[in-house]
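# Structure assessment
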There are 2 protein chains.
Amino acid sequence: MDDLEALIQRISRLPGLGPRSAQRIALHLLKRKERDLVPLHLALTRVINTVHACPECGAFTTKRERCALCQDDSRDKTHLCVIEDMADLWAIERARCFYGQYHILGGVLSALDGVGPEELRLDTLISRCKNGAVEEVILALSATLEGQTTIHYIKAQLAPLCVQVSVLARGMPVGGEVDYLDEGTIHTAFQARCALE
Amino acid sequence: MDDLEALIQRISRLPGLGPRSAQRIALHLLKRKERDLVPLHLALTRVINTVHACPECGAFTTKRERCALCQDDSRDKTHLCVIEDMADLWAIERARCFYGQYHILGGVLSALDGVGPEELRLDTLISRCKNGAVEEVILALSATLEGQTTIHYIKAQLAPLCVQVSVLARGMPVGGEVDYLDEGTIHTAFQARCALE
């Protein structure tokens, strides 16, 4: 196979891209070799060589050992937020409502995708909860069947330990309109309705 | 800036991608370092080292000199199809309706984008037309103002030479419905209407 075809095939395997957009991107890169192709190649070289998962929380980092968040002493060590991946960490950090530490699971349990407990970073989660400071574990996982299964599994695993386990609230998203909500959300929002003071 | 942020910024500059999709792609790559990130990096390395523009038609090729199409003696040397870029070549080849040779201009004249005649591969087009075999030049350029301007410019440049110059037909696209056509296409389709035999 031609090197250009090989590149297009590689690009088309990226999430959200298909053969046509991959072709467009490859031609864009070739037309701007010095301005875009070579810098992208360099950025990938750097990431391959420097980025690794933090041994503590699992976040991607270029620090030699633990990541900046884990090393940050101003963050509350008593609250540990369990998330699926790095994108969730960025989303929560953008919301500026949590000042504790994170623990990246690397996914959720899924029989369909063949993700069992050994694929997730559960051992390190339990050892972090054992070693001390953690008082509350907030499970900020997807509101899906797989997320729910994972929540129950983790709850059982953490039961012997002296930590409180909580989950994010379910209900209408802020800005949501009732007629656009799916049935599951409407159901949950009714069930979890709050009395107006 | 962090190496990961630098990569995300690089990816978000690619056509059709924004910051969110770039973030998703970067995390996808990092999570599948050996399976996806390293092979993509290798594919880019190969393309940087091997792909260049064919000195004759301008198409990207990994051949040492002229590309496979230019070297293919079974292709009709009397018909030369002038196109904007490599994606047009692939589209026309997919349609299997043209068996001549191509000439990639590298764009169209555009005062807005600062593309003048010296930015396009016009000199090589003229010398190809002078050196012999070409009898008809088919200008398969965009049906836009810029494409039209470029067509008129090339027509004037080729006027002293003994070649026929043609353009692609304008009208309703196959499968098009009248109520979905834009006004320009309707106008053209009326003007270029054909008598039913």
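My aim in this report is to walk through the structure given alongside it, one point at a time. Not measured: the values here are computed from a predicted model. For every chain, the first residue of its written sequence is number 1, and the numbers climb from 1 along that sequence. Chains carry letters and ligands carry numbers; both start at the beginning, A for chains and 1 for ligands, and go up in the order they are written. Only residues with pLDDT of 70 or above have their local features reported here, since the model is predicted, and side-chain atom pairs are shown and tallied only from 80 upward, although totals for entire chains, interfaces and linings are computed over all residues. The side-chain numbers reported here are obtained from all heavy atoms of the structure, hydrogens and water having been left aside.

### Points about the nonpolar core
In plain words, nonpolar cores are sets of buried Ala, Val, Leu, Ile, Met, Phe, Trp, Tyr and Cys residues tied together by side-chain atoms within 4.5 Å. Summary of the burial criterion: residues with accessible area below 20% of their type's maximum are buried, those above 50% are exposed, and those between are partly exposed, where the area comes from a 1.4 Å probe applied to protein chains only. With 70 residues, the main nonpolar core has A:I11 and B:I11 as its most contacted residues. Residues in contact with A:I11, not counting those within four places in the same chain, are A:L17, A:A22, A:I25, A:A26, A:L29 and B:L40. Contact between two residues is taken to exist if any of their heavy atoms lie within 4.5 Å; hydrogens are not considered.

### So, unusual backbone geometry
Among all residues save glycine, negative phi is the norm, and among peptide bonds the norm is trans. Residue and element names in this part refer to chain A. Residues other than glycine seldom take positive phi values, yet R96 does so here, at roughly 50°. Looking at the element boundaries, R96 is found in the loop between α5 (86-95) and β4 (101-104). In this structure R96 comes out as exposed when scored by relative accessible area, which is 67%. The helix count covers DSSP runs of H or I at least four residues long, the strand count covers runs of E at least two residues long, and both are numbered beginning at the N terminus.

### Let's talk about the relation of the copies chain A and chain B
The least-squares superposition of copies is restricted to C-alpha atoms, and to residues with a pLDDT of at least 70 in both copies. Taken as rigid bodies, chain A and chain B are interconverted by a rotation of 180° and an axial shift of 0.0 Å, the fit giving an RMSD of 0.1 Å. The transformation just described matches what one would write down for a two-fold rotation axis. Relative to the rotation axis, the C-alpha of A:H41 is the closest in chain A, positioned 3.3 Å from it. In this assembly the copies share their binding face: 100% of the residues contributing to the interface of chain A also contribute to that of chain B.

### Side note on the interface of chain A and chain B
Contact with chain A, which involves 44 residues of that partner, is made by 44 residues of chain B. Counting the surface lost from both chain A and chain B, the interface buries some 4400 Å², and carbon and sulfur atoms represent 70% of this. We count a salt bridge whenever a side-chain nitrogen from Lys or Arg sits within 4 Å of a carboxyl oxygen from Asp or Glu. Our count for the contact surface shared by chain A and chain B stands at 6 salt bridges. Note that A:D36 and B:R13 form a salt bridge whose closest N and O atoms lie 3.1 Å from each other. Within 3.5 Å is the distance limit for a polar contact, defined as a pair of N or O atoms, with the added protein rule that one can donate a hydrogen and the other accept it, and that residues adjacent in sequence qualify only through two side-chain atoms. The interface formed by chain A and chain B contains 16 residue pairs in polar contact (both at pLDDT 80 or more). Among the secondary structure elements, those contributing two or more residues to the side of chain A that touches chain B are α1 (3-12), α2 (19-31), α3 (33-50) and α5 of chain A. Put simply, buried area is how much 1.4 Å-probe accessible surface two parts lose in total, over both of them, once they are put together.

### Things to note about the pattern of salt bridges
Applying the stated rule across the entire model yields 13 salt bridges over all chains. The salt bridge involving B:E56 is made with B:R128; its shortest N-O contact spans 4.0 Å. On the criterion of sequence distance, the pair formed by B:E56 in the loop between β1 (52-53) and β2 (60-61) and B:R128 in helix α6 (residues 122-130) is long-range, its members being 72 residues apart. A residue is classified by how much of its surface remains accessible, and B:E56, at 27% relative accessible area, is partly exposed. Taking relative accessible area as the criterion, B:R128 reaches 13% and is therefore assigned buried. Sharing partners across several salt bridges, the network here consists of A:R10, A:R13 and B:D36.

Everything listed is a geometric property; what it means functionally is a separate question.
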